[in-house]
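# Close look at the chain arrangement
Here is what each chain is made of, one letter per residue.
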Amino acid sequence: MSSSRNDLLLSVGFALVVLAMPIWLAPFGAGYPDLLQRFMIYGIFAVGFNILFGLTGYLSFGHAAFFGVGSYTAVWSFKLLSLDAFPALILAVIVSGLFALVIGYLSLRRSGIYFSILTLAFAQMSYNLAYSVLTPITNGETGLQLTLRDPRVLDAITGQTYVGQPVPTLLGQQLSGYAGFYFCAFFLIVAFVLAQRIAGSPFGMMLKAIKSNQTRMQFTGFNTRPYALSAFLISGMYAGLAGALLAVTDPLAGAERMQWTASGEVVLMTILGGVGTLVGPVIGAWLIKYFENILSALNDQILVRFYSFLPEGVSELAVKVTSKFVGDGWFLTLGLVFVLVVIFLPGGIMEGVRRLANLFRRPGAPTPRPTAHVQPAE
Amino acid sequence: MTTTPNVVLHVADVHKRFGGLHALSDIDLQVIEGETHAIIGPNGAGKSTLLNVIIGKLAPTSGQVVFDGAVLTGRKPHQINQLGIARVFQTPEIFADLSVLHNVMIPAFAKRDGAFQVNMLRGLGSESAIRREAEELLADVGLYERRDSHAGALSRGDKRRMELAMCLIQHPRLLLLDEPTAGMSRHDTNTTIELLQKIKARGMTKVIIEHDMHVVFSLADKISVLSGGKIIAEGLPDAIRGNEKVQEAYLGGAHRLEAH
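Residues numbered from 1 in each chain as written. Chains lettered and ligands numbered in written order. Predicted model: local features only at pLDDT ≥ 70, side-chain atom pairs only at ≥ 80, totals over all residues. Heavy atoms only, no water.

## Thoughts on the pairing of strand 8 (residues 205-209) of chain B
All names here are of chain B. Applied cut-off: Buried means the residue's accessible area, taken with a 1.4 Å probe over protein chains only, is under 20% of the maximum for its type, while exposed means over 50%, and partly exposed covers the values in between. Helical segments are the DSSP runs of H or I of at least four residues, strand segments are the runs of E of at least two, and each set is numbered from the N terminus. Any two strands with at least two DSSP-identified bridges between them are counted as paired. Call a crossover right-handed when, viewed with both strands pointing away from you, the route from the first strand across the helix to the second goes clockwise.
Counting buried positions over the 5 residues of strand 8 gives 5, a clear majority of the element. The alternating pattern of strand 8 places T205, V207 and I209 and K206 and I208 on opposite faces, both of which are buried. Summarising the sheet, strand 3 (residues 36-40) and strand 8 pair through 4 bridges and their orientation is parallel. When the sheet's bridge partners are listed, A38 is paired in strand 8 with I208. With 5 bridges joining them, strand 7 (residues 174-178) and strand 8 adopt parallel strand pairing. Its bridge partner lying in strand 8, L174 is registered against T205. The handedness of the strand 7 to strand 8 crossover, carried by helix 6 (residues 186-201), is right-handed.

As structure tokens, this is what we get:
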């Protein structure tokens, strides 16, 4: 058994798949930078979320708050310090980490459903504060944007000047298009490898043990609270990094990023892909973002054209039914898929892959017990 | 109450009340270093309550528990474990989702690294010392072949033996056993007795709650009999065997208290 070699193979394989995405996603109509950037960003978000939910078993319904804090922090760094991405990312990870520390400390006083409700409440509070009291910081409904009049102290010192609309950079290089994609891809790969290391460390084993039996952990001599808080902190920092990267690729931060639907989305990504698995959450994030991109762009005119081969009455009916599931109704499709996955494939796509692999490897062989559970810790 | 130097565990004047029910009253119990102290008594006598008070799962209504000079009362379960007390539960408390080997490795980390340690960048592969000790213990309890199985898939008897290995890897100064052979076959019970006798030879102090008199008389150096929340007799196994008060309370006089 050489698990370290398998780990290395997995991380190298993952890096190759990610870096080659512009090539292998082109036939699916997804090989363009804007969407690829989102794949990377939400991949990071989901990988981090899985450290808390997948390993430790605590289901947070408020992680969008840390994502949003990351975005705001990054945009403020672009406004006040420099258009360079690095100070923005570092600050965003620190600030969202502090945020996660406070919210995690308070929420982890409870477990199970009460923990989930607490995180949801804190995230909704953050969302509402962003729209009301904190308007001077968040710029309310308009969202926080870059302007030409921003001070940018560090850039002023180094004598950098800009022409036209300010755009985040990396050492002077603009981070738009494919540059932005590869920048985000670098962080996704690092985030993935780090999560892999955590899952395979003694610390990761303790997190899994907390998920499995918290009582036993306590009677075995472990103080479980700081372990859970560390997992919460790490996943909050991942979320902050993802939020900051979204601000790097598109320097605008709005409060809707912190809404509960955004928190719910990362839960769906993780469960769809496979809770507690390494690759599952990333795949879940990619699939949801891919289908969101396709389905939410469809409208009635496109549907009419699509169904034009059908006889007149039938085609109208088809358009009417389908239109409920696309465009703004895309969430309906997502909900349906989610229900089907939870009922028939509770271990997510990764469990499906495992079942298929077993089917082909040795027909009739017993399937191993799934390791992933959808329930939060008690 | 004076505590003699070799008293490891002292349960001093402990009362525990649940509403109107006196689950434990005026319990005074001293466990001497190196001895195996059995607590027996009929169902509902308060044996498990007493163990829960010792381990910090329940707070006594009055009185206190002292372990090696440190007051246990008011401490959290993980702090009590860190002082050197490990426990096998009546219903096995294990990590059902993890492998048997990992179940036994985890407690070793609590012993080595303390109650909390962020060692997230070291791989489990580099923990060969802990792994080797866990494998040796699994061989001792007869579960080495099943080390890669899911712990949840083990039989009840195997779970208990694994839980025992989880406690032993911590080299506790005091081991509390709550009916360690309940639900085991005769054969498994005998292997467990042999195992516990081997541990006893190493001088580990044990408190054991047990229904099976065969187990009690094979292992105990001293026996305390609990009935109705009170200790009604205490002494060497032979004295307890012949004690009429014990016969009366424990078996209602219907059976003789004997090893079968």
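Moving on, there is more to tell.
## With respect to the sheet that holds strand 4 (residues 62-67) of chain B
Residues and elements named next belong to chain B. In spatial order, the strands read 2-1-4-5; together these 4 strands make up an open sheet with antiparallel pairing. Taken across any chain shown, the strands that pair with only one partner, and hence form the sheet edges, are strand 2 (21-32) and strand 5 (70-71). Relative to strand 4, strand 1 (residues 7-18) is paired through 5 bridges, and the arrangement is antiparallel. Counted as the bridge partner of V11 is V65 from strand 4.

## Things to note about the packing of aromatic side chains
The following threshold applies: Side-chain rings of Phe, Tyr and Trp, where Trp is taken by its six-membered ring, are said to pair if the distance between their centres is within 6.5 Å; with planes under 30 degrees apart they count as stacked, over 60 as edge-to-face, and otherwise as tilted. Cation placement over rings: the criterion is NZ of Lys or CZ of Arg within 6 Å of the ring centroid and within 35° of the ring normal.
In the structure shown here, the tally under the stated rule is 23 aromatic pairs over all chains. Relative to F192(A), the ring of F14(A) has its centre 3.8 Å away and its plane inclined at 10°; by these criteria the two rings are stacked. Of this pair, F14(A) sits in helix 1 (residues 3-19) while F192(A) sits in helix 9 (residues 177-199), and the two are 178 residues apart along the sequence. A relative accessible area of 6% places F14(A) in the buried class. The ring of F89(B) carries the charged tip of R87(B) above its face, separated from the ring centre by 4.4 Å. A cation sits over an aromatic face here: R147(B) above Y144(B), 4.1 Å from the ring centre.

## Some words on helix 17 (residues 330-344) of chain A
All names here are of chain A. Applied cut-off: For a helix, the expected span equals 1.5 Å multiplied by the residue count minus one. Picture the helix axis, draw a direction to every C-beta atom, and the arc is the one those directions span. Contacts between residues were defined by any pair of non-hydrogen atoms, one from each residue, lying within 4.5 Å.
Taking 1.5 Å of rise per residue, 15 residues should cover 21 Å, and helix 17 covers 21 Å from first to last C-alpha, within 8% of that figure. Within helix 17, burial applies to W330, T333, L334 and V341. One face of helix 17 carries all of its buried residues, which in axial projection span an arc of 100°. On its buried side, helix 17 packs onto helix 13 (260-273), helix 14 (280-295) and helix 18 (348-361).

Function-wise, these values are silent; they only describe arrangement.
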